[in-house]
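# Observations on the model geometry
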Protein chains: 2
Amino acid sequence: MERRLTQRGRARRTELMTCAARLFSDQGFHSTSVSDIVNTLGVGKGVFYWYFPSKDDLFIEILRGANRDLRRRQQAAIGDEPDPLVRIELGIRATMQWFHEHRSSFTLIQFARTDDRFTDVLAQNQEVAIGDAVRHIKDGIVAGEIADQVPEVLAEAVVGVTERLARTYLLERDEPVTEVADAAVAFCLNGLKG
Amino acid sequence: MERRLTQRGRARRTELMTCAARLFSDQGFHSTSVSDIVNTLGVGKGVFYWYFPSKDDLFIEILRGANRDLRRRQQAAIGDEPDPLVRIELGIRATMQWFHEHRSSFTLIQFARTDDRFTDVLAQNQEVAIGDAVRHIKDGIVAGEIADQVPEVLAEAVVGVTERLARTYLLERDEPVTEVADAAVAFCLNGLKG
DNA sequence: TGGTGCCTTGACCGAGTGGTCGAGATTTCC
DNA sequence: GGAAATCTCGACCACTCGGTCAAGGCACCA
């Protein structure tokens, strides 16, 4: 199924992906037809099926790409910071910033959770994300900075707060990122310290 | 649009709603056709459109019903408990228990968030839920039991933790409700105290 | 017995979908 | 130049869906 692509081909491919991502996020996955996508780009339908085997596959690739990007951003933000609590704080802030800049991805992930065809990809993504957080939390517990609870549960709680505040205040109300991040960090760090 | 219904009619109506809710939650809203619903019940398609003007309307009514039910449950659990922090704890526990018993509703709400046609109903529901929580939090701040932060943000954080832990541990992994509720309560109360 | 609403049926409709394909344009490389 | 590979086109296909409707059944009352 893998195709050999020229440089021009790769450009088209990403063009299709970004265009589709925007449409999916704006109108929803089901309400966006393949025709919508190719019409928006002003190309024929054959173009789409030259680069992607199906609409579902395209969506899955979009999801994977988004996750890869978010994770890179988190790791870059954390760098080699030694203090586990600070690492978590930096992670939360980087995530907020990323959600702010990639609102459409947020919507896409939300949707993917409601459709069995995509839950697998999402589960993989989540596993990685939670794994990252768990590592920092374990370090924090060892260092005595975090309550001695099941690390994974704490990680889920932190992610829950971050996602929820991102949705309500960044996506729905467009409030300043830093303030939202401050609130998330404050709540989470207290929740973790116990 | 309101119909006069006999007792038998009302029964059919709820029969349709519960059947549809189960199918929507199992296979997704889009993947469940009106034909699926009526076939499952072994009736003709006309029956559906006798009781509901459209598939969307049915879904909206299901959402409203679910929310009404959850709120009743929360209020019953809280009763006339005077301590704001305890009220919040009771609310979280009641919510967990309800999600545990109404898994399908959880999935439905998740989906509704991703479709513009339903975001209005959901927004109304959310407003009420957050409003309830905010009241308790304000009381807690006045009593000096809760950090002096914007009450609404704290409420959103609490809801975020509760929803996330419910999804991961109740829906996906089927862990014991009490333990999940304990974890949510512990994290949230610490987060609130500041 | 006949009439009046409530309820049920399922064939049918138009719209729209994801996906195919043969034909042709364009680029690449010898 | 010309062959091969990459890419583009859009009519077309098979199918599904939400929703309609003329027709008929059924319960109850006069």
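Residues numbered from 1 in each chain as written. Chains lettered and ligands numbered in written order. Predicted model: local features only at pLDDT ≥ 70, side-chain atom pairs only at ≥ 80, totals over all residues. Heavy atoms only, no water.

With that out of the way, let us pick up the protein's contact with DNA strand C. Surveying the vicinity of DNA strand C reveals 20 residues, the closest of which are A:Lys45, A:Lys55, B:Thr6, B:Gly44 and B:Gly46. A breakdown of the atoms of DNA strand C within 4 Å of the protein gives sugar and phosphate a share of 67%. In the model, a base oxygen of DNA strand C is placed 3.1 Å from a nitrogen or oxygen of the B:Gly46 main chain. Among the elements of the structure, α3 (45–51) of chain A together with α1 (7–27) and α3 (45–51) of chain B are those that each provide at least two residues to the surface near DNA strand C. Here the surface near DNA strand C takes five residues from α3(B), the largest share from any one element. Residues belonging to the surface near DNA strand C are distributed by class as follows: seven nonpolar, seven polar and six charged. (Near = heavy atom within 4 Å. Polar contact = N/O pair within 3.5 Å; in protein donor to acceptor, adjacent residues only side chain to side chain. Helix = DSSP H or I, 4+ residues; strand = E, 2+ residues; numbered from the N terminus. Nonpolar A, V, L, I, M, F, W, Y, C, P; charged D, E, K, R; others polar.)

Attention now moves to the domain arrangement of chain A. Residue and element names in this part refer to chain A. Partitioning chain A into domains gives domain 1 (1–53) and domain 2 (56–193). Inter-centroid distance (C-alpha atoms) of domain 1 to domain 2 is 28 Å. Taken together, both faces of the contact between domain 1 and domain 2 bury some 1000 Å²; the carbon and sulfur share is 78%. Broken down residue by residue, the surface that domain 1 buries against domain 2 is led by Met 17, Ser 25 and Phe 29, which jointly contribute 45%. Where domain 1 packs against domain 2, one counts one salt bridge. One salt bridge in this structure joins Arg 13 and Glu 61, with 2.6 Å as the shortest N-O distance. At the boundary of domain 1 with domain 2, the tally comes to one residue pair in polar contact (both at pLDDT 80 or more). Broken down by element, the side of domain 1 that touches domain 2 gets its largest block of residues, six residues, from helix α1 (residues 7–27). (Domains from an automatic or database assignment. Buried area = accessible area lost by both parts, 1.4 Å probe. Salt bridge = Lys/Arg side-chain N within 4 Å of Asp/Glu carboxyl O.)

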